[in-house]
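Chain by chain, the residues:
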Amino acid sequence: MNRVYNFSAGPSALPLPVLEKAQAELVCYGNSGMSVMEMSHRSSDYQKIIDDCEALLRELLSIPDNYKVLFLQGGASSQFAMIPLNLYTEKKKADYILTGLWSKKAQKEAARYGDAKIIASSDDKVFNYIPKIDKSMFTPDADYVHITYNNTIYGTKYAEVPDTGDVPLVADMSSCILSEPVDVSKFGIIYAGAQKNMAPAGLTVVIIREDLIGKAMDICPTMFNYETHSENGSMFNTPPTYTIYICKLVCEWLKENGGIDAMHKTNLKKAEIIYSFLDSSEMFSATVADPKDRSLMNVPFVTDSEDLNAKFIKEAKEAGFVNLKGHRTVGGMRASIYNAMPVEGVQALVDFMKKFEAENK
Ligand SMILES: *Cc1c(COP(=O)(O)O)cnc(C)c1O
């Protein structure tokens, strides 16, 4: 069977060269005589894999030396609890900006341990925009501010990093990490579930400024304490070894293809192809109207008929464009066009949409 164009929001498509490399090394890795899956995480072969993965991430994202890179489990969803448990001081005050389901979940979890104030929200319009933020909205003595940088379900993204002054900014970048350059020094914590743009499921990457480590609340479980993982090189317990190995291959692939700047250019081109079609089509439209709020990675779109949406999803699937059904809270369609989706895949989808529109006028 041929590979399809996979527009899944996550777990999502991986670059074909990465899968082929993993296949070639699956049974015997290097001179180890075994698969990476079978290796002790304490072996020197494996230590090199995790060290290389970290070094590549640091290089690709220009991560400053005063930040740690942690390889954790539990998904981005565990971070929703780890962040307040590690960052709340005696004040237990945080600011949350609600831009979708994931930020809502993050806020709800933080509210279990302290005062997680909602300072802005786009809930009034099914999260189809990024609220306007200015400095005066932030609580001056908050322990941190939390944002979801790219909203996987609703297809929005911050056009710029909010200026929170001295208050650490915490960002969920699950669905946009490695897709465009970011100035890591503007953030206290960046975290991402790997299964969107980095690796298969099972790994959560946390990039954290060192001074935010080691101040966890007393009730914080050992496994939820950043210090536990920071002091043990992400090997306090068994890390998700194989997923970290694939993450390393993905980073190598990115580096070989020009790094994050080159990837960003390609991503801008892909987004331009699909959004410009959506803006000119009489049948399809993007649910996020303001171009500055639009995600480069997740593109939700609709027709004005549920029947037509269903027909489109069915026929697209038959033509080899899969996982285009939108999230149940938005309806319609969503094309997730992460790094692994080539320009040709987006162009082929748009060509298919044009044909579908002509046939169903
Ligand atoms: C997918 C996703 C999550 C949830 O990730 P898990 O790893 O499944 O917990 C959280 N935030 C964002 C922005 C996501 O896209």
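Remember, predicted model here, so these are calculated numbers, not experimental data.

Student: Explanation requested: helix H7 (residues 259-280) in the structure shown.
Tutor: Owing to its 3.6 residues per turn, the α-helix brings residues three or four apart onto one side. The end-to-end C-alpha distance of H7, which contains 22 residues, comes to 32 Å, matching closely the 32 Å that a straight helix rising 1.5 Å per residue would cover. Those residues of H7 that are buried are in contact with helix H2 (44-61), helix H6 (241-256), strand E11 (285-286), strand E12 (298-302), strand E14 (333-336) and helix H9 (343-359).

Student: Even after reading the chapter, I still don't get the state of the cysteines, so can you show me in this structure?
Tutor: Simply put, the disulfide is a covalent bond whose two ends are the sulfur atoms of two cysteines. Under the defined criterion, the tally for this structure stands at zero disulfides. With no disulfide of its own, Cys 176 has Cys 247 as its nearest cysteine by sulfur position, at a separation of 15 Å.

Student: What should I look at first to understand the site of the ligand in this one?
Tutor: Surrounding the ligand, one finds 13 residues, the nearest of these being Ser 77, Thr 152, Asp 172, Gln 195 and Lys 196. In this structure, an oxygen atom belonging to the ligand sits 2.4 Å away from a side-chain N or O atom of Thr 152. Within the side chain of Asp 172, one N or O atom sits 2.6 Å away from a nitrogen atom of the ligand. Contact with the protein chains hides 87% of the accessible area of the ligand, taken as 390 Å² for the molecule alone. The class makeup of the residues in the shell around the ligand is three nonpolar, eight polar and two charged.

Student: What am I meant to see in the packing of helix H3 (residues 75-87) against helix H4 (residues 101-110) here?
Tutor: Two quantities define a packed helix pair, namely the angle between the axes and the distance from one axis to the other. H4 packs onto H3 with a crossing angle of 40 degrees between their chain directions and a minimal axis gap of 8 Å. As far as their axial angle goes, H4 and H3 are oblique. Every pair of crossing elements has a handedness; the one defined by H3 and H4 is right-handed. Residues Ser 77, Phe 80, Ala 81 and Pro 84 of H3 form the contact with H4, whose participating residues are Trp 102, Lys 105, Ala 106, Glu 109 and Ala 110.

Student: When you look at the domain arrangement of the chain in this model, what are you seeing that I'm missing?
Tutor: Interfaces are frequently sized by the accessible area removed from exposure as the parts join. Once the domains are mapped, the chain shows domain 1 (16-256) and domain 2 (258-359). A straight line from the C-alpha centre of domain 1 to that of domain 2 covers 27 Å. In this complex, domain 1 contributes 27 residues to the contact, which on the side of domain 2 involves 25 residues. Summed over both sides, the interface between domain 1 and domain 2 buries roughly 2100 Å², with carbon and sulfur atoms accounting for 55% of that surface. The three residues of domain 1 that bury the most area against domain 2 are Ile 153, Gly 155 and Ser 179, which together make up 22% of that side's buried surface. Linking domain 1 with domain 2 are zero salt bridges. Among the secondary structure elements, those contributing two or more residues to the side of domain 1 that touches domain 2 are strand E6 (150-151), strand E7 (156-157) and H6. Ranked by residue count, the leading element in the side of domain 1 that touches domain 2 is H6, at four residues. When grouped by side-chain class, the residues that make up the side of domain 1 that touches domain 2 number 13 nonpolar, nine polar and five charged.

Student: Teacher, can you tell me more about the pattern of salt bridges here?
Tutor: Side chains bearing opposite charge may pair, as long as their charged atoms lie close to each other. On inspection of all chains with the given rule, the structure shows 19 salt bridges. A salt bridge links Lys 21 to Glu 252; its shortest N-O distance comes to 4.0 Å. Here the residue Lys 21 occupies a position in helix H1 (residues 16-25), and Glu 252 occupies one in helix H6, the gap between them amounting to 231 residues. By relative accessible area, Lys 21 is classed as partly exposed at 37%. One network of salt bridges, in which partners are shared, links Lys 21, Glu 25, Lys 248 and Glu 252.

Cut-offs used in this document
- Residues numbered from 1 in each chain as written.
- Predicted model: local features only at pLDDT ≥ 70, side-chain atom pairs only at ≥ 80, totals over all residues.
- Heavy atoms only, no water.
- Helix = DSSP H or I, 4+ residues; strand = E, 2+ residues; numbered from the N terminus.
- Expected span 1.5 Å × (residues − 1).
- Contact = heavy atoms within 4.5 Å.
- Disulfide = S-S within 2.5 Å.
- Near = heavy atom within 4 Å.
- Polar contact = N/O pair within 3.5 Å; in protein donor to acceptor, adjacent residues only side chain to side chain.
- Areas by Shrake-Rupley, 256 points an atom, 1.4 Å probe, with all protein chains shown as cover.
- Nonpolar A, V, L, I, M, F, W, Y, C, P; charged D, E, K, R; others polar.
- Axes fitted to C-alpha atoms, helices over the stretch in contact; angles between N-to-C directions.
- Parallel < 35°, antiparallel > 145°, perpendicular 65-115°, else oblique.
- Left-handed = near helix turned anticlockwise from the far one by under 90°.
- Domains from an automatic or database assignment.
- Buried area = accessible area lost by both parts, 1.4 Å probe.
- Salt bridge = Lys/Arg side-chain N within 4 Å of Asp/Glu carboxyl O.
- Buried < 20%, exposed > 50% of the residue type's maximum accessible area, 1.4 Å probe, protein only.

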